[in-house]
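Here are the chains, one letter per residue:
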Amino acid sequence: MFRKVLIANRGEIALRVISACKEMGIRTVAVYSEADRNSLHVKFADEAICIGPPRSAESYLNVPAVISAAEIADVDAIHPGYGLLSENANFAEVCRASNIKFIGPPPEVTRMMGEKSTARQTMKKAKVPILPGSDGIIASEGEALEWAKSVGYPVILKAVAGGGGRGMRICRNAAELPGLYNQASTEAAAAFGNGDLYMEKFIERPRHIEFQVLADEHGNVMSLGERECSIQRRHQKLIEEAPSLQITPKLREELGKTIKKSLENIGYWNAGTIEFLMDEDGKIYFIEMNTRIQVEHCVTEMVTGIDLVKAQLRIAAGEKLNSIVTSPVEIRGHAIECRINAEHPEKFTPSAGKITAFNVPGGNGVRVDTAQYSEGIVPPYYDSMIAKLICHGKDREEAMNRMQRALSQFVVQGIHTTIPLHQKIFADEEFRSGKFDTKFMERFLERQKEA
Amino acid sequence: MFRKVLIANRGEIALRVISACKEMGIRTVAVYSEADRNSLHVKFADEAICIGPPRSAESYLNVPAVISAAEIADVDAIHPGYGLLSENANFAEVCRASNIKFIGPPPEVTRMMGEKSTARQTMKKAKVPILPGSDGIIASEGEALEWAKSVGYPVILKAVAGGGGRGMRICRNAAELPGLYNQASTEAAAAFGNGDLYMEKFIERPRHIEFQVLADEHGNVMSLGERECSIQRRHQKLIEEAPSLQITPKLREELGKTIKKSLENIGYWNAGTIEFLMDEDGKIYFIEMNTRIQVEHCVTEMVTGIDLVKAQLRIAAGEKLNSIVTSPVEIRGHAIECRINAEHPEKFTPSAGKITAFNVPGGNGVRVDTAQYSEGIVPPYYDSMIAKLICHGKDREEAMNRMQRALSQFVVQGIHTTIPLHQKIFADEEFRSGKFDTKFMERFLERQKEA
Amino acid sequence: MDGSKMQELRELVEFLKANEIAEFDMEQADLKVRIKFAGDPAAAASSFDLAQLSRLMASAPAAGAAPVAAAAAHTAAAPAQAEEKLHEVKSPIVGTFYESPAPGASAFVQIGDQVEVGQVLCIVEAMKLMNEIESDVAGEVVKRIGVSGQPVEYGQPLFAIRPR
Amino acid sequence: MDGSKMQELRELVEFLKANEIAEFDMEQADLKVRIKFAGDPAAAASSFDLAQLSRLMASAPAAGAAPVAAAAAHTAAAPAQAEEKLHEVKSPIVGTFYESPAPGASAFVQIGDQVEVGQVLCIVEAMKLMNEIESDVAGEVVKRIGVSGQPVEYGQPLFAIRPR
């Protein structure tokens, strides 16, 4: 096992990794920007090194600074957390060149999975179901009609050069396709100087469902089941759960096997997440893979009892999966996570500042991951998430009720947080029913406005 | 289910019960003394009623005040927590007479189990192993020799009227018995005016092991496995664990069955704990039963996933056990609890006062039950326990390492706490080996003094 | 509270506002002040000695535009506000307040009545027992704070009496 | 820090001790003070404006035997303590400090040397690259704070220079 690990991150995930290292007897080195001098990840690490000014680009994202810190602290390995340098293949390569173990997959795999179309092709080859669509640019109206026929309506036409909805059209049948194709192409040409279009199956009300995996350096892969992450606002997840009510044990096992095979093929190691969209009929399509620990890993930990960060460390140290996870993976109960952000709960404006009172809920089935504290500062430079509140219960009902109880006992003063927003979501009928999709927050906020 | 419950307690257990009620949609009424006006159990209950001045005898132990509060708040039931009125059969009777459900066993059973010799006889009849000894007073040297032969050496002679070690002798063989018998009797007569003696088997290095049970009002009883509670100082538990390394699955099952039968016989209901001593050979002897929820119930909750306080509420509301615990009881991993007391960690003097900083640890496998907070007051009138830190891991090793990590992140300023004491215990070889008994703390403190 | 105390308090509040202090507790002999600023951000507490602080405040300028919405101050000392010194008879038990010995009967005492020490003022019912609450002061009944049939806590004021 | 500032600081510490304040942060223009009392009980923080407080302190009596064991105060402001105003050259990067261009070679600068803006003072090695650190002020080298071969953080002072 490693003797000393540098944590190239901040906030709750830095503290999460420090805690895992401490429990394993590994010395920890925190790095921090000048804005984070009084942060708990600095306080609770064995050593701490200031690596730059507040802006991430000059500190946490500054590869030479991080590597220099690792060298002067003489560490064996670097844990990148999530975000920041965690999916930066160049950083992983510099680590390798510097003889420091990067706790993540090999840079080649990170790079492959970071390229959306490569990832798609890789998964397609491994027989993971992917979102059907044209294999590249559509040359003509006629080709568009053919693709649409094989993909199945509704389909969505997207500008290759596009973004922001321009050059984008949803087509529900063959009759309207030629007209929409021409409109979209003209619009794309006008907007981006390139009228090329491609096509994907359009899912009206998709769910976001993802599978957690562990893979070692010896070719062993294990699926730890799925998470339901459809509660999002502007593609930012707000609430995550495990397991998903939509995944039957049979589907879980089947998909687990497919994923296992696909990752064995590409030589993946580390913890990782395979993200899917699920359509209204329960069919599931691969969209992308994340090659790092995720914010929402805790809900999987709560239901499986497996410590994912420790697993990452042990995998990176060369251990085999069967020595890390010694009994069959079993889902116990239901877990839900709320991301508590320093934001206005209605306007979503960021709310940096000094926390004047901070009382975290505790008791049965409640877990809080945070690096904040009373008198702590939320700097304006970074992500607004200040805490994760995770509740576990024997079923979804109990987990939801526990979350409502815990939210009511979570006191943060001095700044705004999204706690009141979560309280409203947990009182919402649609949310409680479990029958929702990624458009939930739009509908919910509309309902709130009307009320 | 109950509409509204009064919690006749304070501190962490009051908050624990309030949390359980909230999660079940039950309204809560806190009662408080003038010293607890700003306590979290007051803040987080739906209603709160001041019932008297700081001294417990005039507030929390004041039966008319508690019952009056229950009446003016119009509650269906009273949860007594632990300590205070929880094993007061008279209080349970007044509740019954006032048409308020007492969340505990019927007063007759509380009374029976509160009388140590009655409890012993009851358990003996139900074939629960009890500590062997003379059935009452020993008339003569000769009778003493006969009893000692049947009980087995070593034995301990105790004065019937005695206490404080006087009139007490440990005998290791038949040769020394007559002399010691006469010494003890003379000493007892001189000290208490009564020379009568009785005899018990003497256990040199006992372990304290207890079984958690749930029983409903329909005659169903269930054992939830054991807890190891040998880490005590002056008969006060400091650290508790579940499961015990000393109890094999076979012994757990056998004892569970015996306990089940015994409680079915006496018509017990509620959560409850059967306390045993274990001798050096692993033989186990009943000592007493507690007819309430216990401080250390959390470690059982962590390994079984069963919410014991909710179970109490549902039992009291008349539900059947098989609707409360729906799947077979299964022990997952290992849990340890540290009682964090407001005491000097070496001198054990109580340390009341204002808490100026309070940072509780969080993260994977960590549970904190507390009613304290930054700026909170520890009044000098009550028990010194201010928090319970519970850590769960896949095995005892992980649970211990997690506890060390969590203790290092638990910051309390303004008062003294036993956190540094726990840190030393968790670094102690004897403790870590798991091979200890109720004399552990004496040896440990001796070692500390020497070091 | 006399004029100079009020002036001190005003200055204190200015001082606290200017310093963005959210909560403030102060005690000096029989005077207690507790101040909590509403608005956003809130909280954070500290304790001072009034004797010193009031002297300090003398020179405090009303500087700094603190993000404070409103200020509230009240004396929590036993004998009432800016009013005259009234004595409060408090409930020694938890129970239900009754102003008269039986339904329909007239009240034990009326506003304006002169009462003696030991005179029954009301009943607090607890566990079906009617507990007569006696006055612990002689004087004029100025206010009946308890409401017939309503619950009272331990220590809750029942009557305000002007001692004589 | 001149004598009157020192007197203010003494009074401030007295005031805080008398009021049992555990931690104290203060900032005024280029002066910052951070005070944290050792001893038991500890902690609890609050923020003040020095402009007001130093005026307030003038009248603060040294009252109240607070349960405070020791007091420590230092100015965290860039230009040193009670000393004269020195300029610190800080490390712009994390790395290893070297006073000379190569092992065995003489140092870039000696104590007492006059340096110009842009003159190389030392090397900070980061990722095998030797980064020459230049003086951002002209003056006399008063102190070499970095130690050859030892790591330095971002923002860590390397040299103290008396500007001319």
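Computed from a prediction, not measured in an experiment: that's the story for all the values here. Each chain carries its own residue numbering, running from 1 in the direction its sequence is written. Ligands are numbered from 1 and chains lettered from A, in the order in which they are written. Local features in this predicted model are restricted to residues of pLDDT 70 or higher, and side-chain atom pairs are both shown and tallied only at a pLDDT of 80 or more, whereas totals for entire chains, interfaces and linings draw on every residue. Only heavy atoms go into the side-chain values, all of them from the structure, while hydrogens and water stay out.

Helix and strand counts for chain C come out as two helices and 12 strands. Considering chain C as a whole, with its 164 residues, one finds that 38% of them fall into the buried category. In chain C, 59% of the contacts between residues at least 6 apart in sequence involve partners at least 24 apart. Shrake-Rupley sampling with a 1.4 Å probe provides the accessible areas, and residues are treated as covered by the protein chains on show and by no other component. Carbon together with sulfur atoms contributes 52% to the accessible area of chain C, which is approximately 8,400 Å² in total. Labels follow the DSSP assignment, with helices taken as runs of H or I lasting at least four residues and strands as runs of E lasting at least two, numbered in each case from the N terminus. Buried residues are those whose accessible area, probed at 1.4 Å on protein chains only, stays under 20% of the maximum for their type, while exposed residues exceed 50% and partly exposed ones sit between those limits. In this description, contact between two residues means that some pair of their heavy atoms is separated by no more than 4.5 Å.

Moving on: unusual backbone geometry. That bond from Tyr153 of chain A to Pro154 of chain A is cis: its omega, -10 degrees, falls within 30 degrees of zero. Mapping Pro154 of chain A onto the fold places it in the loop between α7 (141–151) and β6 (155–159). With an omega of -10 degrees, the peptide bond running from Ala242 of chain A to Pro243 of chain A counts as cis. By the element assignment, Pro243 of chain A lies in the loop between β11 (236–242) and α9 (249–266). Even without a glycine there, the phi angle at Glu375 of chain A is positive, about 80 degrees. You can see Glu375 of chain A is positioned in the loop between β17 (366–370) and β18 (377–378). At Lys128 of chain D, a residue that is not glycine, the phi angle is positive and equals roughly 65 degrees.

Contacts between the two partners involve 19 residues from chain A and, on the opposite side, 12 residues from chain D. Buried area counts how much accessible surface, traced with a 1.4 Å probe, disappears from two parts once they are put together, with both parts' losses summed. Together, the buried faces of chain A and chain D total about 1,100 Å²; carbon and sulfur atoms form 61% of this surface. The largest share of the area that chain A buries against chain D comes from Cys50, Ser68 and Ile72 of chain A, three residues that together contribute 41% of it. We define a salt bridge as a contact between a side-chain nitrogen of Lys or Arg and a carboxyl oxygen of Asp or Glu at a distance within 4 Å. Scanning the region where chain A abuts chain D turns up one salt bridge. Lys128 of chain D is the salt-bridge partner of Glu71 of chain A, the closest N and O atoms lying 3.3 Å from each other. Any pair of N or O atoms that falls within 3.5 Å is considered a polar contact. Within protein, one atom must be able to donate a hydrogen and the other to accept it, and sequence-neighbouring residues count only if both atoms are side-chain atoms. Our count for the contact surface shared by chain A and chain D stands at five residue pairs in polar contact (both at pLDDT 80 or more). If you list the elements that add at least two residues to the side of chain A that touches chain D, you get β3 (47–52) and α3 (63–73) of chain A. Per-element tally for the side of chain A that touches chain D: the top contributor is α3 of chain A, with eight residues. Here the side of chain A that touches chain D is built from residues that sort into 13 nonpolar, two polar and four charged. Put simply, Ala, Val, Leu, Ile, Met, Phe, Trp, Tyr, Cys and Pro go in the nonpolar bin, Asp, Glu, Lys and Arg in the charged bin, and everything else, Gly too, in the polar bin.

Turning our attention to the relation of the copies chain B and chain A. Here the copies are matched by least squares. The fit uses the C-alpha atoms of residues with pLDDT of at least 70 in both. With an RMSD of 0.2 Å, chain B superimposes on chain A once it is rotated by 180 degrees and translated 0.0 Å along the axis. The two molecules are tied by a two-fold rotation axis, judged by turn and shift. It is Arg367 of chain B whose C-alpha, among those of chain B, lies nearest the rotation axis, at 3.4 Å. Most of the interface of chain B is mirrored in chain A, where 100% of its interface residues again form contacts.

All names here are of chain C. Here pLDDT means the predictor's own confidence in every residue, given as a number from 0 to 100. Taken over all residues, the pLDDT of chain C has a mean of 67, while the share at 70 or more is 49%. A low-confidence stretch, residues 1–6 stays under pLDDT 50, and its non-local contacts, those more than four residues away or across chains, total seven contacts. Low pLDDT (under 50) marks residues 27–31, which in the prediction has 10 contacts with non-local residues, meaning those over four places away or in another chain. In the predicted complex, the global pTM is 0.82; the interface-specific ipTM is 0.75.

All names here are of chain B. By convention a nonpolar core is built from buried Ala, Val, Leu, Ile, Met, Phe, Trp, Tyr and Cys residues, the set being connected through side-chain atoms within 4.5 Å. Counting 35 residues, the largest nonpolar core has Ile239, Ile340, Leu389, Phe410, Phe426 and Phe431 as its most contacted members. For this core, the secondary structure elements donating two or more residues are β11 (236–242), β14 (334–341), β17 (366–370), β19 (385–393), α13 (396–408), α14 (419–426) and α16 (440–450). Element by element, the count of residues in this core is highest for α13, at five residues. Once you skip the residues sitting within four places of it in the chain, Phe431 turns out to touch Ile231, Ile239, Glu241, Arg396, Met400, Ile425, Phe426, Phe436 and Phe440.

Moving on, we get to the packing of aromatic side chains. Under the pairing criterion, centres of Phe, Tyr and Trp rings, with the six-membered ring standing for Trp, must be within 6.5 Å; the plane angle then separates stacked pairs below 30 degrees from edge-to-face pairs above 60, leaving the rest tilted. Inspection of the entire model under this criterion finds 24 aromatic pairs over all chains. Relative to Phe440 of chain B, the ring of Phe431 of chain B has its centre 6.3 Å away and its plane inclined at 55 degrees; by these criteria the two rings are tilted. Grouping residues by exposure puts Phe431 of chain B and Phe440 of chain B together as buried. Grouping aromatic residues by their ring pairs yields a cluster made of Phe426, Phe431, Phe436, Phe440 and Phe444 of chain A. Criterion for a charge above a ring: Lys NZ or Arg CZ within 6 Å of the ring centre, and within 35 degrees of the ring normal. Taking the ring centre of Phe436 of chain B as reference, the NZ or CZ of Arg207 of chain B above it sits at 5.0 Å. Above the face of the Phe348 of chain B ring, Arg233 of chain B is positioned so that its terminal group lies 3.7 Å from the ring centre.

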